[in-house]
Amino acid sequence: MAWLLFRLALILILLATGGMIVFIVRQRKSVFTWSYRILFAGFIVHTLFLAHQFVVLGTAPVLNLKSALGFFAWTITGAYLLFQLRFRLMVLGSFIAPLAAVLMILSTSIPGGEVVAVRPLFKSLWLTIHVLTVFAGDGMFAVAFAAAVMYLLQEHQIKRKRFGSMYRRLPSLDTLDAINHRALILGFPLLTLGMVTGAIYAQQALGSFWRWDPKEVWSLITWLAYAVLLHERLTVGWRGRRAAVMSIACFLLLIFTFVGISLISSDYHSFRSLEGGVTP
Amino acid sequence: MIRIVTIGMNHRTAPVELRECLAQDSENVPRALAAMREDPAVREGMFLSTCNRVEALYTTQDPEAARRGIHSILTALSGLPEQEIQAGLYEMEGMECVHHVFNVASSLDSMIVGEPQILGQFKEAYGRATQERMSGVILNRLIHRAFHVAKRVRTETGISDAAVSISYAAVELARKIFHDLSGRKVLLIGAGEMAELAARHLLGNGVSHIAVANRTFSRAVQVAEAFRGTALSFEEIDAELLEADIVITSTASAGYVITRDQVKQSLRKRRNRPLFFIDIAVPRDVDPRVNNLGNTYVYDIDDLKGVVEINRAQREQEAIKAERIIQEEVLRFERWLKTLRVVPTIVDLKEKVESIRRAEIQRSLAALGPLSREQMHAIDVLTASIAEKIIHDPILTLKRKAERPTRDQVLDMTRQLFHLDEPESASSGACAGARTGEKPGTGDDETSVPPPLEDAGGRRKSEPHG
């Protein structure tokens, strides 16, 4: 039943992504409307899947890389739907939906069985909040990333005075900068909250707030990078190109922390040790 | 046979002095409509009057008389001699006219192709015509199709989003940078027709304030007054660079008026808010290296011309697409118009059968003796359904043949077979049907069109055959 839901969510999201790509090429509003509805349906189904997993496992269903990627895709979709409500910018979907789709595909193609039993260690409210907030923040940063990429594309055309087919399809620089800004402002507190709850959880479960394992260190670096970006934006008035480049760099750092470190390191944050959830 | 005709003048056929005479007075539209209603040759009519176009659209069975009528209406409204008016008029009929109406509604016939106002003006003119009960089956259908075509052209082609003048191109670029121009500030340095035009367009698009700087302060004051802006001396430009969002330069200066260092210093104080320079001057007023600074965009006259060129080429592409849509829709309308031609025969057929049925019931009632209400009702239903079933297939055939070239033969045959054309009763002229009663929007159903459109004279008087 659970995997049926996941499959269905996957199919819907892929379908919506295809539609969003067709939309950016053909510019038919009806194509977007349908893709948006399908994506929304996919998000609902995905939510049901996660809720089911949560009930079964008794904790946030993010115990291996496979499920983490799926969960990331879910928060990205959610963040996009939120921004769509506010900005009503159809073309944004054409950039973000593929991101979610890629994560979903990765999630299905990565081997990793179902987690049958969860160590009691993981059944903590703090862990659930930690995972939820960190990923929600990551979803926001993904939106910021997409807006930054769109900004650079559009800015390049306006600066170089060469107008390709994207010029008409992309919105104004001001809009893209505003989306980037808004996404950062929403994402940063979520990430911060996630790190704090993570530390509290570590204190409860492992006896210390901070253990300097590679994931923690890189997370701190990522957090600092975003802190600098937000600070520059808010106090110095960074905006436009420089802010866009920086937010792309920050997001790449975040992906590295998210996937790279989890694979390299063998510490408790790595998903390999989490998969050991089967041990009694 | 009914003809759809338009007579009018636009920016291509008539000079502005002539168009002015007709378009000036807003009371001219109701007057023209009233005059058209008085004209017996005009069946349905609509009168469109904008600053670039004055047009009467009507249907008629007597094109010659209607033309004379419309000419005299236009002459009377303009107060000019008839020859002068006639010289600027065009006239189109049939599918050519339909094509033209679709073109106008889609803004392909406008002075600035793609400008959106015309559709609103068109709707208003149609609203007037329906208020005056001057629109009937054909015009209703035609105008509704025109709205549909305009919508298709707008959504399926990019015809209306490419700016083809320099000042429009500047506004479009500003929108791509700032999104919303309301609340933005413009600094106009120097003066000149094109610069002022650009400023005016920006104001028209929501820019809230304009500051004008000029080497001769009195000139700055003069231009600023025209824009209800503030006048500045040349020395105040530095300070204004911190405030402005869009800077238009157009001075006769030989060197740069805006240097890279000057802009660079202002950027941090501006907190990197974007700054858009529109440099219309030759030689240039803004150091081109300013474009390399962050969040700063410099477009000189050549850049803008480049944008316009691209847009123009693109628009030609889009115009081809729009033309295809319009042709498609003209064909569709033509098909509908043809189905309309079989309607009178269908109506006649139904009426004839109905009158036979009634007469036969009357005649048989005496033989049947006293009947209850229920029995009467049963006889009524029985005969009606027999009659209906008998003519069902002929009617279907007629509808099917409506678009075929053999239509007229089939119509002829039907009229002969059912004896629909009684020679003694084809005289009285009653053709006002199409104009009365229908409301806009009812013209879409192809078969529910009651008024006979061909010569409808007295055919309803059919009689029972003994």
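Predicted model, so just to flag it, every value in this text is computed and none were measured.

Caption draft 1: View of the overall build of chain A. Broken down by element type, chain A carries 10 helices and 0 strands. When the helices and strands of chain A are listed from N to C terminus, the series reads α-α-α-α-α-α-α-α-α-α. Going through the 280 residues of chain A one by one, you find that 47% of them count as buried. Counting contacts in chain A only where the partners sit at least 6 residues apart, residues at least 24 apart contribute 80% of the total.

Caption draft 2: How the structure looks around the overall build of chain B. Tallying secondary structure elements over chain B gives 15 helices and 10 strands in all. Out of the 466 residues belonging to chain B, those deemed buried represent 39%. A fraction of 73% describes how many contacts in chain B between residues 6 or more apart in sequence connect residues 24 or more apart.

Caption draft 3: Expanded view of the confidence of the model for chain A. Of the residues in chain A, 91% have a pLDDT of 70 or more, and the chain-wide mean is 87. Below pLDDT 50 for its whole length, residues 275–280 of chain A participates in 11 contacts with residues either more than four positions away or in separate chains.

Caption draft 4: Representation of the pairing of strand β6 (residues 209–213) of chain B within the structure. Residues and elements named next belong to chain B. Here β6 lies mainly inside the structure; 4 of its 5 residues are buried. Note that strand β5 (residues 185–190) and β6 share 5 bridges and pair parallel. In the sheet register, isoleucine 189 faces β6, and the bridge partner there is alanine 213. Note on the crossover from β5 through helix α9 (residues 193–204) to β6: the handedness is right-handed. Examined bridge by bridge, β6 and strand β7 (residues 230–232) share 3 bridges and lie parallel to one another. Across the sheet, residue alanine 211 finds its bridge partner in β7, namely threonine 230. In terms of handedness, the path from β6 via helix α10 (residues 217–227) over to β7 forms a crossover that is right-handed.

Caption draft 5: Highlighting the sheet that holds β6 of chain B. All names here are of chain B. Strand order in the open sheet formed by 6 strands is β7-β6-β5-β8-β9-β10, with parallel pairing between adjacent strands. The two strands at the open ends of the sheet, each matched to only one other strand, are β7 and β10 (296–300). Strand-to-strand twist in this sheet, taken as the mean axis angle between neighbours without regard to direction, amounts to 20 degrees.

Caption draft 6: Quick look at the interface of chain B and chain A. Each partner contributes to the interface: chain B provides 16 residues, whereas chain A provides 15 residues. Broken down by element, the residue count for the side of chain B that touches chain A peaks at 4 residues, all from helix α8 (residues 166–178) of chain B. Residues belonging to the side of chain B that touches chain A are distributed by class as follows: 5 nonpolar, 6 polar and 5 charged.

Caption draft 7: Region of interest: the packing of helix α5 (residues 125–160) of chain A against helix α7 (residues 173–206) of chain A. Residue and element names in this part refer to chain A. At a minimum axis distance of 7 Å, the contact between α5 and α7 shows a crossing angle of 155 degrees. When the axes of α5 and α7 are compared, the pair comes out roughly antiparallel. Crossing angle aside, the handedness with which α5 passes α7 is left-handed.

Caption draft 8: Representation of the nonpolar core within the structure. In terms of nonpolar packing, the biggest core is built from 129 residues, with Ile96 and Val143 of chain A together with Ile248 and Phe277 of chain B touching the most fellow members. Here valine 143 of chain A is in contact with Ala79, Tyr80, Phe83, Ile96, Ile179 and Ala183 of chain A, once residues within four sequence places are set aside. Membership of the second largest hydrophobic core comes to 62 residues, among which are Ile4, Cys97, Phe102 and Val342 of chain B.

Caption draft 9: Up close: the sheet that holds strand β2 (residues 42–50) of chain B. Residues and elements named next belong to chain B. Spatially, 4 strands are ordered β2-β3-β1-β4 in an open sheet, and the strand pairing comes out antiparallel. Because the sheet does not close on itself, it has two edges, and the strands there are β2 and β4 (90–93). Averaged over all neighbouring strand pairs, the angle between strand axes comes to 15 degrees, with direction disregarded. Pairing of β2 with strand β3 (residues 53–60), which is carried by 8 bridges, proceeds in the antiparallel orientation. In the sheet register, glutamate 44 faces β3, and the bridge partner there is threonine 59. Packed onto the sheet, helix α5 (residues 94–105) meets β1 (3–10), β3 and β4 and runs at close to 50 degrees relative to β1. Running over the sheet, helix α7 (residues 137–156) touches β1, β2 and β3 and is turned about 35 degrees from β2.

Caption draft 10: Expanded view of the pairing of β1 of chain B. All names here are of chain B. By the criterion of burial, β1 is predominantly enclosed, with 6 of the 8 residues buried. The pairing of β1 with β3 spans 8 bridges and is antiparallel. Within β3, the position partnered with valine 5 by the bridge is tyrosine 58. For β1 and β4, the ladder comprises 4 bridges, and the chain directions are antiparallel. Paired with isoleucine 7 across the bridge in β4 is glutamate 91.

Caption draft 11: Highlighting the confidence of the model for chain B. Residues and elements named next belong to chain B. Model confidence for chain B is summarised by a mean pLDDT of 83, while 89% of its residues fall at 70 or above. pLDDT under 50 marks residues 423–466. Its contacts with residues more than four places away, or in other chains, come to 75 contacts. We note a pTM of 0.67 for the whole complex and an ipTM of 0.85 for its interfaces.

Caption draft 12: Region of the structure containing the environment of serine 26 of chain B. Within the element layout of this structure, serine 26 of chain B appears in the loop between α1 (16–23) and α2 (28–38). For the pair serine 26 of chain B and threonine 50 of chain B, spaced 24 residues apart in the sequence, the C-alpha separation amounts to 9.7 Å.

Caption draft 13: Here's a closer look at the packing of α5 of chain B against helix α13 (residues 301–368) of chain B. Residue and element names in this part refer to chain B. Running from N to C, α5 and α13 cross one another at 130 degrees; their axes reach a closest spacing of 10 Å. Regarding the angle of α5 to α13, the classification is oblique. Read as a crossing pair, α5 and α13 show a hand that is right-handed. Contacts between α5 and α13 pair Met95, Val98, His99, Phe102 and Asn103 from the former with Ile326, Glu329, Val330, Phe333 and Glu334 from the latter. Residues of the contact of α5 with α13, tallied by class, amount to 6 nonpolar, 2 polar and 2 charged.

Caption draft 14: Structural detail: unusual backbone geometry. The linkage connecting valine 282 of chain B with the following residue, proline 283 of chain B, adopts the cis geometry, with an omega of -5 degrees. Locating proline 283 of chain B in the fold gives a position in the loop between β9 (275–279) and β10. Located in the positive-phi region is arginine 88 of chain A, a residue other than glycine, with phi close to 50 degrees. Locating arginine 88 of chain A in the fold gives a position in the loop between α3 (65–87) and α4 (90–109).

Caption draft 15: Region of interest: the environment of phenylalanine 49 of chain A. Residue and element names in this part refer to chain A. Its place among the elements puts phenylalanine 49 in helix α2 (residues 29–57). Exposure remark for phenylalanine 49: the 23 C-beta atoms within 10 Å place this residue in the buried category. The residues touching phenylalanine 49, leaving out its near neighbours within four places in the chain, are Ala2, Leu5, Phe6 and Ala9.

Caption draft 16: Local environment of the environment of alanine 14 of chain B. All names here are of chain B. Examined against the element boundaries, alanine 14 turns out to sit in the loop between β1 and α1. Sequence separation between alanine 14 and isoleucine 85 is 71 residues, and the spatial gap between their C-alpha atoms is 8.7 Å. Contacts of alanine 14, omitting those with residues within four sequence positions, involve Met9, Arg19 and Gly88.

The rules behind the values
- Residues numbered from 1 in each chain as written.
- Chains lettered and ligands numbered in written order.
- Predicted model: local features only at pLDDT ≥ 70, side-chain atom pairs only at ≥ 80, totals over all residues.
- Helix = DSSP H or I, 4+ residues; strand = E, 2+ residues; numbered from the N terminus.
- Buried ≥ 20, exposed ≤ 12 C-beta atoms within 10 Å, placed from the backbone.
- Contact = placed C-beta atoms within 7 Å.
- pLDDT = per-residue confidence, 0-100.
- Pairing = 2+ DSSP bridges.
- Right-handed = clockwise from strand over helix to strand, strands pointing away.
- Axes fitted to C-alpha atoms, helices over the stretch in contact; angles between N-to-C directions.
- Nonpolar A, V, L, I, M, F, W, Y, C, P; charged D, E, K, R; others polar.
- Parallel < 35°, antiparallel > 145°, perpendicular 65-115°, else oblique.
- Left-handed = near helix turned anticlockwise from the far one by under 90°.
- Core = buried A, V, L, I, M, F, W, Y, C linked by C-beta atoms within 7 Å.

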